[in-house]
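What follows is the residue order along each chain.
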Protein chains: 2
Amino acid sequence: MIVRIIGTGLLGTSLGLALSGRHEIQLEDASPMTAALAQDLGAGLQASTDSPAPDLVIVATPPDVAATTVNSALVAFPHAIVTDVASVKEIVLAEVTGGRERYVGSHPMAGRERSGAIAADGDLFIGRPWVVVPHETSRPDAIDMVKRIAMEVGAFPMEMGAAAHDSAVARVSHVPQLMSSLVAATLVDAPPSSLDLAGQGLRDVTRIASSDPKLWATIIAGNPAFVADILCSIRSRLDSLIDGVKTMAEQNTHTGVASVARVISDGNIGVSRIPGKHGGAPVRYATVYVLVPDKPGELGRLFTETGQIGVNIEDLTLEHSAAQPVGRAALSVNPSQAKPLADGLEERGWTVASVEMEEN
Amino acid sequence: MIVRIIGTGLLGTSLGLALSGRHEIQLEDASPMTAALAQDLGAGLQASTDSPAPDLVIVATPPDVAATTVNSALVAFPHAIVTDVASVKEIVLAEVTGGRERYVGSHPMAGRERSGAIAADGDLFIGRPWVVVPHETSRPDAIDMVKRIAMEVGAFPMEMGAAAHDSAVARVSHVPQLMSSLVAATLVDAPPSSLDLAGQGLRDVTRIASSDPKLWATIIAGNPAFVADILCSIRSRLDSLIDGVKTMAEQNTHTGVASVARVISDGNIGVSRIPGKHGGAPVRYATVYVLVPDKPGELGRLFTETGQIGVNIEDLTLEHSAAQPVGRAALSVNPSQAKPLADGLEERGWTVASVEMEEN
């Protein structure tokens, strides 16, 4: 199959790398230098006026020119299926004109903080969801072709409508980004000594606050209605919370306690709905906390010995706080393996700080 | 030295475990059963009416009875130094009456989600900050004694005033907890398919949203004024942000872009102020992303081979999303070691997805 990729930034070039062993890839970019770079990286061959017509066009331009580029491609290649990979789908679909039956939207959930061809990676899509967004007149063979491409790069195709997609990403991606940034913004004026008290919780909440402002302004601009709705629901809860906390402060009573408990408790319910590692319902893990001296080879020894004990680590985090000579590794395992792991590690001289069962 | 620990929950029992090799520990709790459990765990011996008077009393009761307990101890043991470990300090200090010169507040930054003696751990304080909170009439030897105890359990004593402490924890702990819960609460009504799109960002932002509502209501009740101030500053920024996003939605223009970019950009500045692993200014790390097949022994092999390459891993996260057969390990290393590590791993057959330099 001949696949033309228009826009050879991070996603376009990564797609070229992932697909070039399987298909004939034509690369096109508003900047010929950028297309040449993608070619040098092995993502395919630069398209020319002599190139044969493609069977599939993947538009991987910045989102604000995606619809225009889709329309040009539908006209230029009247037999091709056309998709785009923009992170918002309703605004693109609304502007697609002629040949709509050959258009199917896409959103591979494989962003990263860096952009550009040089950051491209053929493995970028492995194991990630790839949302396929057909509309009422999309041809079935067009939908199938886009799903096939998703699977060929190792992603999991998921079919959703444009509005459902945009609402979902507002909730699980766009609003969490903005809230993380709002929390981090409160640190701008913090006395330095207060930041020395920062623990793992603050670090987790604000990790994504280092994202690119220009990129995120463009993303939010493509999805303002759903984002505004969710932000307003947060503001309404925040208003109640502030009322409760101010009541505590001013009347020196505990009558505001319920408002705090309600927010935390609703948060408990919400976070428990995030699917576990292998999809479906949240998996219940046990976590074994092990102290790890901060010197070379200790993590290696920990994992070698974990392997010897025969336990599979499902997830793993290394926690630390300021000025700490010892790290704390959190090893998530199947609950039945927690005790054998803890016992085995202690036999081998490790300090197991604790074993915790995650309750859902 | 004779140390009496009043309140044998998580912190009291952990302190007993950490100090019992070095001092004579007396254990006391409103529930004698709880004190007996702490004794069985090895945290010291239950206090009786015959017990000799202690040199130091550590009050580790729930925060709402800390001040009363401190006052009783100052009366009962007229020669003892008295400290408490409550997570807020102004309200305790305000209620301490006679013998104030023998009182010094404390806050070991070593909380965890679980509570109770059974979760206790003598290593709980290792490498954590321990805030020592003297007041204008605290005796110098009292301050020194509390700092010494902090160091004996492996913590790093940091001296701060009560108001500075309460303001700091509002900012780096209490408000981030509430905001994480507010984000998680938006997931309560989310369609299940939207949650399938959840990535690592949402998981990080909402990790602490699984905390205990009752515990947190008590913590916030002890620090409402500082918490309300910071929540109000967030609401004011949120108001501007919502105005900007609504402008985008209603007028279908990009005039709201600046409000989004400003929030993200302020967040960039804030998050860059969080100290790095070893205190002081943020350390610049490089991150090597490696694909790890989801089967036993693979992490062990990765770390063994990292050790063979001779590189020290500073921090490490395993990323995954729903239904993923392959994990992505993020290995943070000194920037000078990134390339040797990536090359060494590829020579040994690993897929290095990318190498990223963290910019501060």
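This structure is a prediction, so every number in the text was calculated from the model and none was measured. (Residues numbered from 1 in each chain as written. Chains lettered and ligands numbered in written order. Predicted model: local features only at pLDDT ≥ 70, side-chain atom pairs only at ≥ 80, totals over all residues. Heavy atoms only, no water.)

1. What about the overall build of chain A?
Summing up its helical and strand segments, chain A has 13 helices and twelve strands in all. For chain A, the spread of C-alpha atoms along the principal axes amounts to about 70 × 55 × 40 Å. A buried classification covers 57% of the 360 residues belonging to chain A. Sequence separation of at least 24 residues holds for 65% of the intrachain contacts in chain A that already meet a minimum separation of 6. Counting every atom, chain A has about 13,500 Å² of accessible surface; 53% of that belongs to carbon and sulfur. Positive and negative side-chain charges of chain A, numbering 27 and 41 respectively, have mean locations separated by a distance of 2 Å. (Helix = DSSP H or I, 4+ residues; strand = E, 2+ residues; numbered from the N terminus. Buried < 20%, exposed > 50% of the residue type's maximum accessible area, 1.4 Å probe, protein only. Contact = heavy atoms within 4.5 Å. Areas by Shrake-Rupley, 256 points an atom, 1.4 Å probe, with all protein chains shown as cover. Lys, Arg positive; Asp, Glu negative; His and termini not counted. Charge placed at Lys NZ, Arg CZ, Asp CG, Glu CD.)

2. Regarding a nonpolar patch on the surface
Residues and elements named next belong to chain A. Taken together, the side chains of Leu37, Leu41 and Ile118 make up a nonpolar region of the molecular surface, amounting to roughly 250 Å² of accessible area. Along the polypeptide, Leu37 turns up in helix α2 (residues 32–40). Residue classification places Leu37 among the partly exposed positions, given a relative accessible area of 32%. (Patch = residues over 30% accessible without salt bridge, like charges linked within 9 Å, V, L, I, M, F, W, Y side chains within 5 Å. Salt bridge = Lys/Arg side-chain N within 4 Å of Asp/Glu carboxyl O.)

3. A closer look at the packing of helix α12 (residues 298–309) of chain B against helix α13 (residues 335–347) of chain B
Residues and elements named next belong to chain B. Where α12 contacts α13, the axes come no closer than 10 Å and their chain directions differ by 125 degrees. By the angle between their directions, the pair α12 and α13 is classed as oblique. Along this stretch, α12 crosses α13, giving a crossing that reads as right-handed. On α13, the residues touching Leu302, Thr306 and Ile309 of α12 are Pro340, Leu341, Gly344 and Leu345. Broken down by class, the residue content of the contact of α12 with α13 amounts to five nonpolar, two polar and no charged. (Axes fitted to C-alpha atoms, helices over the stretch in contact; angles between N-to-C directions. Parallel < 35°, antiparallel > 145°, perpendicular 65-115°, else oblique. Left-handed = near helix turned anticlockwise from the far one by under 90°. Nonpolar A, V, L, I, M, F, W, Y, C, P; charged D, E, K, R; others polar.)

4. Topic: the domain arrangement of chain A
Residues and elements named next belong to chain A. Entries for chain A in the domain assignment read domain 1 (2–160), domain 2 (166–272) and domain 3 (286–357). Computed over C-alpha atoms, the centres of domain 1 and domain 2 are 34 Å apart. Carbon and sulfur atoms make up 63% of the surface buried where domain 1 meets domain 2, a total of about 800 Å² over both sides. The tally of links between domain 1 and domain 2 comes to zero salt bridges. Viewed at the interface, domain 2 and domain 1 are joined by two residue pairs in polar contact (both at pLDDT 80 or more). Its residues placed into classes, the side of domain 1 that touches domain 2 shows five nonpolar, two polar and three charged. (Domains from an automatic or database assignment. Buried area = accessible area lost by both parts, 1.4 Å probe. Polar contact = N/O pair within 3.5 Å; in protein donor to acceptor, adjacent residues only side chain to side chain.)

5. Let's talk about the relation of the copies chain B and chain A
Rotating chain B by 180 degrees about the axis while translating it 0.0 Å along that axis superimposes it on chain A, leaving an RMSD of 0.1 Å. As the rotation angle and translation indicate, the two copies are arranged about a two-fold axis. Residue B:Val205 of chain B places its C-alpha closer to the rotation axis than any other residue of that unit, at 2.0 Å. Comparing interface residues between copies, 100% of those in chain B also sit at the interface in chain A, which points to an isologous, same-surface contact. (Least-squares fit on C-alpha atoms with pLDDT ≥ 70 in both.)

6. Here we look at the packing of aromatic side chains
All names here are of chain A. The full count for this structure, using the stated rule, is three aromatic pairs over all chains. Between the aromatic rings of Phe125 and Trp130, the centroid separation amounts to 5.8 Å while the plane-to-plane angle is 45 degrees, which identifies the pairing as tilted. Neither Phe125 nor Trp130 differs from the other in exposure class; each is buried. (Phe/Tyr/Trp six-rings, centres within 6.5 Å; stacked < 30°, edge-to-face > 60°.)

7. Some words on the sheet that holds strand β7 (residues 129–133) of chain B
All names here are of chain B. Taken together, eight strands build an open sheet; the order of strands is β3-β2-β1-β4-β5-β6-β7-β8 and the sheet is mixed. The open sheet has two edge strands with one neighbour each: β3 (45–46) and β8 (156–159). For strand β2 (residues 24–28) and β3, the ladder comprises two bridges, and the chain directions are parallel. By the bridge assignment, Leu27 is partnered in β3 with Gln46. Where helix α1 (residues 10–19) meets the sheet, it contacts β1 (2–6), β2, β4 (56–59) and β7, and its direction lies at approximately 160 degrees from that of β1. (Pairing = 2+ DSSP bridges.)

8. Side note on the nonpolar core
One finds A:Leu231 and B:Leu231 to be the most contacted residues of the largest nonpolar core, which totals 122 residues. Judged by nonpolar contacts, the second largest core, of 40 residues, contains A:Ala286, B:Ala286, B:Val288 and B:Leu341. (Core = buried A, V, L, I, M, F, W, Y, C linked by side-chain atoms within 4.5 Å.)

9. Notes on the interface of chain B and chain A
Counting residues at the interface gives 128 residues for chain B, matched by 129 residues for chain A. Summed over the shared surface of chain B and chain A, the number is four salt bridges. The residue A:Asp204 makes a salt bridge to B:Arg207 at a minimum N-O spacing of 2.3 Å. Applying the counting criterion to the chain B and chain A interface returns 19 residue pairs in polar contact (both at pLDDT 80 or more). With 19 residues, the single largest contributor to the side of chain B that touches chain A is helix α10 (residues 224–251) of chain B. Its residues placed into classes, the side of chain B that touches chain A shows 71 nonpolar, 31 polar and 26 charged.

10. Some details on the pattern of salt bridges
Residue and element names in this part refer to chain A. On inspection of all chains with the given rule, the structure shows 24 salt bridges over all chains. Here Glu305 ties to Arg301 by a salt bridge, and the two come within 3.7 Å at their closest N and O atoms. On the criterion of helical spacing, the pair formed by Glu305 and Arg301 is a turn pair, its members being four residues apart in helix α12 (residues 298–309). Linked through salt bridges whose partners overlap, the residues forming this network are Glu298, Arg301 and Glu305.

11. Remarks on the side chain of A:Arg4
Residues and elements named next belong to chain A. Assignment of secondary structure puts Arg4 in strand β1 (residues 2–6). A polar contact is formed between the side chain of Arg4 and the side chain of Gln26, at a distance of 2.7 Å. Residues contacting Arg4, with those up to four places away along its chain left out, are Gln26, Glu28, Ala47, Ser48, Ser51, Pro52, Pro54, Leu56, Val57, Ile58 and Phe77.

12. Some thoughts on the confidence of the model for chain A
A residue-level look at chain A finds 92% of positions with pLDDT of 70 or above and a mean pLDDT of 87. Between residues 277–283 of chain A, whose pLDDT stays under 50, and residues either more than four places distant or in other chains, the model counts 23 contacts. (pLDDT = per-residue confidence, 0-100.)

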